[in-house]
Amino acid sequence: MAEQRVEGSRPVPVRIGRRPEPVHDVAVYAFSGMAPFELGVVVEVFGLARPELTGLLAAPWYGLKVCADRPGTALDAVGGFTLTARHGLDELAAADTVIVPGVPDAFGGVGAPPGRHAGGVSPGLVEALRTAHGRGARIVSICGGAFALAAAGLLDGREATTHWRYAELLQQRYPKVRVNPDVLYVEDGDVLTSAGSAAGIDLCLHLIRRDHGAKVANAVARRFVVAPHRDGGQAQFIEAAVHPVEDEEDGIARSMRWALDHLSSPLTISLLARAARMSDRSYLRHFTARNGTSPMRWVVTQRIAASLPLLESPEGTVEEVATAVGFESAATFRHHFGRVMRTSPTAYRRSFGRGAA
């Protein structure tokens, strides 16, 4: 029932609706000497207006704050330009998600004296990270930002990753961290770490998926014009619509488009070569040179990608999903899914199926 308030002598009905959900605040750390790519990824993912999400969002989009040790001070960026952060570490400590896209010098500070943090991590940032984590914030790093999380003690006893170039140093400097240099990113509870710069995109999309669901994450991935899943023994849990193929008229592109239209059917090198109007041997050579992988490995990856939206739906068994995307058996599907995604189809459905937390 509506309440009434009185304006003069006339009662005016007041509609009582649901209280709007609060905006999820994301804070990203900026520092002098930063490489702008990682910071730019965070800003574009969480700070850009997104009209493409109209009708898809059930909760407000993120609020973004760029934070620095000394707000208002010009920060030098790689490439010869400067930027100024409006917000300080107090705002960073109060955010819902805190992202550290790097540290000033991951290789520096070896053997730093007591009371000083190695690798260019400021004491203020360390304190802000501890405060944020203590009040329940989600803590995220990209590339060398893992050194800041480790300096704050947030990676002790956890699995974490960083750029392969820094992995050995991170393990040496922080032996309590279980460093895994072979993955794009690691989610260990409320602390997430990612590998090199581009892996930060994968992790940011993963955060969106966790917060807003697969459709929203996929829409953002399309705007980024990035492949939602990359093969290579590295797992990532983001919506994997089938990888688009360039609109070209050469035989390889033609065969790839044909394969995507026939994923549920048996596919062989000979069938793909016929679609490309090449011999089997020539097709295999040209396909591998162009794509960096064999035709059948590419087909398997596309089938796994096509299976993800089906697993996210409650309809259909794993066996039916396997058949729908062209695997000859559920066992074969499970084998390839585990190799590519580092989990089972059932576990994936449990984590990302409709209605999953």
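Here, every reference points to the structure presented above.
Predicted model, so just to flag it, every value in this text is computed and none were measured. (Residues numbered from 1 in each chain as written. Predicted model: local features only at pLDDT ≥ 70, side-chain atom pairs only at ≥ 80, totals over all residues. Heavy atoms only, no water.)

A.B. asks: Sorry, what's going on with the pairing of strand β7 (residues 97–100) here?
C.D. replies: Burial along β7 is two-sided: the face carrying Thr97 and Ile99 and the face carrying Val98 and Val100 are both buried. Pairing of strand β3 (residues 25–29) with β7, which is carried by three bridges, proceeds in the parallel orientation. From the neighbouring strand, alanine 27 faces β7, where its bridge partner is valine 98. As paired strands, β7 and strand β8 (residues 138–142) are joined by four bridges and run parallel to one another. If you follow valine 98 over to β8, its bridge partner there is isoleucine 139. (Buried < 20%, exposed > 50% of the residue type's maximum accessible area, 1.4 Å probe, protein only. Helix = DSSP H or I, 4+ residues; strand = E, 2+ residues; numbered from the N terminus. Pairing = 2+ DSSP bridges.)

A.B. asks: Help me out: how do you make sense of the pattern of salt bridges in this one?
C.D. replies: Close approach of charged atoms lets side chains of opposite charge pair. For the structure shown, the criterion picks out nine salt bridges. Put simply, glutamate 52 and arginine 223 hold a salt bridge, and the shortest N to O gap is 2.8 Å. Note that glutamate 52 is positioned in the loop between α1 (36–47) and β4 (63–67) and arginine 223 in helix α7 (residues 214–224), a separation of 171 residues in sequence. What makes glutamate 52 partly exposed here is its relative accessible area of 28%. Arginine 138 is the salt-bridge partner of aspartate 211, the closest N and O atoms lying 2.8 Å from each other. Separated by 73 residues along the polypeptide, aspartate 211 in helix α6 (residues 199–212) and arginine 138 in strand β8 bring together distant segments of the chain. Classification of aspartate 211 by relative accessible area gives partly exposed; the value is 32%. (Salt bridge = Lys/Arg side-chain N within 4 Å of Asp/Glu carboxyl O.)

A.B. asks: For this particular structure, what's the right way to read unusual backbone geometry?
C.D. replies: One can expect most non-glycine residues to show negative phi and most peptide bonds to be in trans. Located in the positive-phi region is cysteine 143, a residue other than glycine, with phi close to 55°. By secondary structure assignment, the location of cysteine 143 is in the loop between β8 and α4 (146–151). By relative accessible area, which is 8% here, cysteine 143 ends up buried.

A.B. asks: Just to check I follow, could you spell out the packing of aromatic side chains for this structure?
C.D. replies: Each pair of aromatic rings is reported with the distance of its centres and the angle of its planes. Summed over the entire model, instances satisfying the criterion amount to 10 aromatic pairs. Aromatic side chains phenylalanine 287 and tryptophan 298 sit 5.9 Å apart centroid to centroid with 65° between the ring planes, which places their arrangement in the edge-to-face category. You can see phenylalanine 287 sitting in helix α10 (residues 280–291) and its partner tryptophan 298 sitting in helix α11 (residues 295–312), a full 11 residues away along the chain. Relative to phenylalanine 337, the ring of phenylalanine 333 has its centre 5.6 Å away and its plane inclined at 75°; by these criteria the two rings are edge-to-face. (Phe/Tyr/Trp six-rings, centres within 6.5 Å; stacked < 30°, edge-to-face > 60°.)

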